[in-house]
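# Secondary and tertiary structure notes
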Amino acid sequence: MTTSTALAEDRTAPGRSPAPPSKLSASLRRLTALSRAELVLLVRNRSAIFLALVLPVVMIFSIRASLQQIDLAGTGLSIAGAALTGGIGIVLVQVVYMNLVTGYVTRREELVLKRLRTGEITDREILTATAVPSIALALLQCVLLVVAGAIAFDLSAPKRPELFLVGLVVGLVMMSALAAATSALTRTVQTSQLTTLPLFFVSLFGSGIFVPLDVFPDGLASVLELLPLTGVMTLVRHGWLGGVDGGDLLTAAVAALAWTAFAVFAVQRWFRWDPRG
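Everything quoted here is computed from the prediction, not taken from an experiment. (Residues numbered from 1 in each chain as written. Predicted model: local features only at pLDDT ≥ 70, side-chain atom pairs only at ≥ 80, totals over all residues. Heavy atoms only, no water.)

With 31 residues, helix H4 (residues 79–109) extends 43 Å from end C-alpha to end C-alpha; this agrees with the ideal 45 Å at 1.5 Å per step. Of all the bends in H4, the greatest, near 30 degrees, is centred on Leu100. Within H4, 26 of the 31 residues are buried, which leaves the element mostly enclosed by the surrounding structure. (Helix = DSSP H or I, 4+ residues; strand = E, 2+ residues; numbered from the N terminus. Expected span 1.5 Å × (residues − 1). Bend = angle between axes of the 7 residues up to and from the residue. Buried < 20%, exposed > 50% of the residue type's maximum accessible area, 1.4 Å probe, protein only.)

Here we come to the confidence of the model for the chain. Chain-level pLDDT for the chain is 85 on average; 91% of the residues reach the 70-or-more range. Per-residue pLDDT, averaged within each element of the chain, yields its smallest value for helix H1 (residues 3–12) (42) and its largest for helix H7 (residues 161–183) (96). Long-range and interchain partners of residues 1–15, a stretch whose pLDDT sits below 50, account for three contacts in this model, where long-range means more than four residues apart. (pLDDT = per-residue confidence, 0-100. Contact = heavy atoms within 4.5 Å.)

For any pair of aromatic rings, the description consists of the separation of the ring centres together with the inter-plane angle of the planes. A complete count under the given rule lists eight aromatic pairs for this structure. Seen in terms of ring centroids, Phe164 and Trp240 are 6.0 Å apart; in terms of plane orientation they differ by 80 degrees. Their pairing is edge-to-face. Of the two residues, Phe164 is situated in helix H7 and Trp240 in helix H11 (residues 230–241); the sequence distance between them amounts to 76 residues. Plain terms: the ring middles of Phe265 and Trp270 are 5.8 Å apart, the flat faces sit at 85 degrees to each other, and that makes the pair edge-to-face. (Phe/Tyr/Trp six-rings, centres within 6.5 Å; stacked < 30°, edge-to-face > 60°.)

Below, the discussion takes up the pattern of salt bridges. Tallying each qualifying case throughout the model produces six salt bridges. Between Glu125 and Arg30 there is a salt bridge, with its nearest N and O atoms 3.0 Å apart. Here Glu125 is found in helix H6 (residues 123–152), whereas its partner Arg30 is found in helix H2 (residues 23–44), with 95 residues between them in sequence. (Salt bridge = Lys/Arg side-chain N within 4 Å of Asp/Glu carboxyl O.)

Between helix H3 (residues 46–67) and H6, the shortest axis-to-axis distance is 11 Å and the interhelical angle comes to 35 degrees. As H3 packs across H6, the resulting crossing turns out to be right-handed. Facing Ile49, Ala52, Leu53, Pro56 and Ile60 of H3, the residues of H6 in contact are Leu137, Gln141 and Leu145. (Axes fitted to C-alpha atoms, helices over the stretch in contact; angles between N-to-C directions. Left-handed = near helix turned anticlockwise from the far one by under 90°.)

This brings us to the environment of Glu162. Position of Glu162 among the secondary structure elements: in helix H7. We classify Glu162 as partly exposed; its relative accessible area is 44%. Here the alpha-carbon distance between Glu162 and Gly239, two residues 77 residues apart in the chain, equals 7.4 Å.

Non-glycine residue Leu111 carries a positive phi angle of around 65 degrees. Positionally, Leu111 belongs in the loop between H4 and helix H5 (112–116). Even without glycine at this site, Asp154 takes up a positive phi of about 55 degrees. Of note, Asp154 is situated in the loop between H6 and H7.

The next subject is the nonpolar core. By size, the foremost hydrophobic cluster in this structure holds 65 residues, and its most contacted members are Ile88 and Met175. The set of elements that each furnish at least two residues to this core consists of H2, H3, H4, H6, H7, helix H9 (197–206), H11 and helix H12 (246–270). If one sorts the elements of this core by residue count, H4 sits on top with 15 residues. The residues contacting Ile88, other than those within four sequence positions of it, are Cys142, Leu145, Phe164, Leu168, Val236 and Trp240. (Core = buried A, V, L, I, M, F, W, Y, C linked by side-chain atoms within 4.5 Å.)

With that settled, consider the environment of Leu34. With respect to the element layout, Leu34 can be found in helix H2. Residues Leu34 and Ala256, 222 residues apart in the sequence, show an inter-C-alpha distance of 29 Å. Discounting chain neighbours no more than four positions away, the residues touching Leu34 are Leu116, Ile121, Glu125, Ile126 and Ala129.

A few words on H6. The end-to-end C-alpha distance of H6, which contains 30 residues, comes to 43 Å, matching closely the 44 Å that a straight helix rising 1.5 Å per residue would cover. One or two positions beyond H6, positive phi appears at Asp154, with a value near 55 degrees.

Let us look at the side chain of Thr260. On the secondary structure map, Thr260 appears in helix H12. Those residues in contact with Thr260 that sit more than four places away from it in its chain are Val170, Val173 and Met174.

In the contact formed by H2 and H6, the axes pass within 8 Å of each other and the chain directions differ by 45 degrees. One way to sum up the angle between H2 and H6 is to call them oblique. The two elements H2 and H6 meet at a crossing, and its hand is right-handed. Of the residues in H6, those touching H2 at Ser27, Arg30, Leu31, Leu34, Ser35, Glu38, Leu39 and Leu42 are Glu125, Ile126, Thr128, Ala129, Thr130, Val132, Pro133 and Ser134. Grouping the amino acids of the contact of H2 with H6 by side-chain chemistry returns eight nonpolar, five polar and three charged. (Parallel < 35°, antiparallel > 145°, perpendicular 65-115°, else oblique. Nonpolar A, V, L, I, M, F, W, Y, C, P; charged D, E, K, R; others polar.)

Our focus in this paragraph is a nonpolar patch on the surface. Side chains of Phe50, Leu51, Leu53, Val54, Leu55 and Val58 sit close together on the surface and give an oily, nonpolar patch of about 490 Å² of accessible area. Summarising the element assignment, Val54 is placed in helix H3. (Patch = residues over 30% accessible without salt bridge, like charges linked within 9 Å, V, L, I, M, F, W, Y side chains within 5 Å. Areas by Shrake-Rupley, 256 points an atom, 1.4 Å probe, with all protein chains shown as cover.)

Shown next, in the form of structure tokens:
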């Protein structure tokens, strides 16, 4: 019997079955399927898509208008650079955080999350898949902001792309986790417009989105550096525009990672899967 014949007989021998898929491949398959379904739901929700695409653009023009009233001398920032990097912060807050709070609450109150937990899919996969469409939309908008900066505003490509990407990835994870944590405090879809406002306003005016921290007094700036999104904004802004020393970057990275770890812990500890109504 030749070797090829033996191999053929071994493949067709009765009682043999293909090797079961690994846990990782099975998890990826479930995650992909659920993420695709979530993406279809997002695409069908035209009002959500419209708001996610238009509101950040409106906010960026508002940032630019406010920056024209501020003396940026000594900060090393131009109006265009500050506005576009602030636009990334707007995308993280509005497209990821605020959109996901509504998404988690909607699926919880409609018993979608509860039904999903009866299958093989894990809690982590459910939460991640729900966040994937918002994260993908936010990434697309961030790419468009970088391209717009290069074409329309004569900004260079990110001077430290690795720093820019680290800040962006940490921001996406943090905002997704904070959204899941905030949903635990939110009773209905309507009240999600209220429960998201504190972080929205604190981030807009205290994390360097509307007003760079360099224009604040040193004491106040030191306090604002402890806010959730401030570290992310520092990494993103200086990853794109450059001009910061290693000590400030280390402080920003530690603050951003600490808030991300806290948000993940809060989700594990307090996230609600059953309706609150």
